[in-house]
Amino acid sequence: QVQLVESGGGLVQAGGSLRLSCAASGRTFSSYAMGWFRQAPGKEREFVAAISRSGDSVYYARSVKGRFTISRDNAKNTVYLQMGSLKPEDTAGYYCAATSDYRLELAGRYDYWGQGTQVTVSS
C-alpha cells in the first residue's frame, strides 16, 4: 500500500505561482509513475500532468502546457507540480496519484490517491 499526502495549495492572485508537493510513503516510490489531477465543483476530474517512473517522460494537458512543470525526486519520495501564470480557471482541488500502469493520462488506471489540496486563484 502507498499513502500520498499533498501540500502547498492556497490562495493566489491570477498570474501568480504555487508549488504543490506530494509525499509518498514506503520504499517503492520509484516503481510508480505519478500523476496530478484536478477537480472543480460541478466538473469532472481532469488530467493535469504525469511523470514516468524514472522521470524521463512527462505529459501535460493542453490547458497547462507551458505553465506547469511536473518533476520528481525519488530519493525524497516526492513529486512536485510547479504552477505558474495561474488563471482563475485553475481553481480546483488538486490530487496526486500513483500507478503501475502505462496509460498515465487515465484516472481509472491509478491505484493510489492523495486526499487533495485546494488551489484557489483570484482575479
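Attention here is on the structure that accompanies the text. Residues take numbers from 1 onward in each chain, read along the sequence in its written order. Reporting in this predicted model follows two pLDDT cut-offs: at least 70 for local features of residues, and 80 or more for side-chain atom pairs to be given and counted; totals over whole chains, interfaces and linings ignore these cut-offs and use all residues. The basis for every side-chain value is the complete set of non-hydrogen atoms in the structure, without hydrogens or water.

**As for unusual backbone geometry**
Quick note on the threshold: The buried label goes to any residue with under 20% of its type's maximum accessible area, the exposed label to any with over 50%, and the partly exposed label to all in between, with areas taken from a 1.4 Å probe on protein chains only.
Although it is not a glycine, Asn-77 sits at a positive phi angle of roughly 55°. Under the relative-accessibility criterion, Asn-77 is labelled buried at 15%. Phi at Ser-85 is positive, roughly 50°, even though this residue is not glycine. Overall, Ser-85 belongs to the partly exposed group, its relative accessible area being 45%.

**Focus: the sheet that holds strand β8 (residues 78-83)**
Put simply, the test is: Pairing between strands requires that DSSP locate at least two bridges from one strand to the other. Helix numbering and strand numbering both begin at the N terminus, where a helix is a DSSP run of H or I of at least 4 residues and a strand a DSSP run of E of at least 2. Here an axis means a line fitted to C-alpha atoms, over the contact stretch when the element is a helix, while the angle between two N-to-C directions is reported on a 0 to 180 degree scale.
An order of β1-β3-β8-β7 is seen for the four strands of this open sheet, with the pairing classed as antiparallel. Where the open sheet ends on each side, the last strands, each with one partner, are β1 (4-7) and β7 (68-73). Recorded for the sheet is a direction-independent mean angle of 15° between the axes of neighbouring strands. In terms of strand pairing, β1 meets strand β3 (residues 18-24) through four bridges, oriented antiparallel.

**Some points on the packing of aromatic side chains**
Given two aromatic rings, their pairing is described by the distance between the two centres and the angle made by the two planes. Cut-off, in case you're wondering: Only Phe, Tyr and Trp rings are paired, with Trp represented by its six-membered ring, and only when their centres lie within 6.5 Å; those with planes under 30 degrees apart are stacked, over 60 edge-to-face, the remainder tilted. Counting as a charge over the ring demands two things of the Lys NZ or Arg CZ atom: a distance within 6 Å of the ring centre and an angle within 35 degrees of the ring normal.
Counted under the stated rule, the structure contains five aromatic pairs. Ring geometry for Tyr-32 versus Tyr-112: centroids 6.0 Å apart, planes at 80°, classification edge-to-face. With Tyr-32 in the loop between β3 and β4 (33-39) and Tyr-112 in strand β10 (residues 112-113), the pair connects residues that are 80 residues apart, well separated along the chain. Ring centres of Phe-37 and Trp-113 lie 5.1 Å apart, and the angle between their planes is 55°; this geometry places the pair in the tilted category. Of the two residues, Phe-37 sits in strand β4 while Trp-113 sits in strand β10, which places them 76 residues apart along the sequence. Under the relative-accessibility criterion, Phe-37 is labelled buried at 1%. Over the ring of Tyr-80 we find Arg-19, and its NZ or CZ is 4.3 Å from the ring centre. Here the basic side chain of Arg-45 rests over the ring of Tyr-95, its NZ or CZ set 4.2 Å away from the ring centre.

**Comments concerning the nonpolar core**
General note: in soluble globular proteins, nonpolar side chains tend to be found buried as a group. Selection rule: Nonpolar core, defined: a set of buried Ala, Val, Leu, Ile, Met, Phe, Trp, Tyr and Cys residues in which side-chain atoms within 4.5 Å join the residues together.
Counting 36 residues, the largest nonpolar core has Met-34, Trp-36, Leu-81, Met-83 and Tyr-94 as the members making the most contacts within it. Where this core is concerned, the elements lending two or more residues are β3, β4, β5 (46-51), β7, β8, β9 (92-99) and β11 (117-122).

**Considering the environment of Lys-65**
Position of Lys-65 among the secondary structure elements: in the loop between β6 (58-60) and β7. For Lys-65, a relative accessible area of 54% puts it in the exposed group. Along the chain, Lys-65 and Ala-50 lie 15 residues apart, while their C-alpha atoms are 12 Å from each other.

**Comments concerning the state of the cysteines**
Heads up, the rule is: We call a pair of cysteine sulfur atoms a disulfide when they lie within 2.5 Å.
As enumerated under the stated definition, the model contains one disulfide in all. Here Cys-22 connects covalently by a disulfide to Cys-96, the sulfurs 1.9 Å from one another. Note on the Cys-22 and Cys-96 pair: the S-S dihedral is about 50°, so by sign convention the disulfide is right-handed. Placement of Cys-22 in strand β3 and of Cys-96 in strand β9 is noted, with a sequence separation of 74 residues between them. Judged by relative accessible area, Cys-22 falls into the buried class, the value being 0%.

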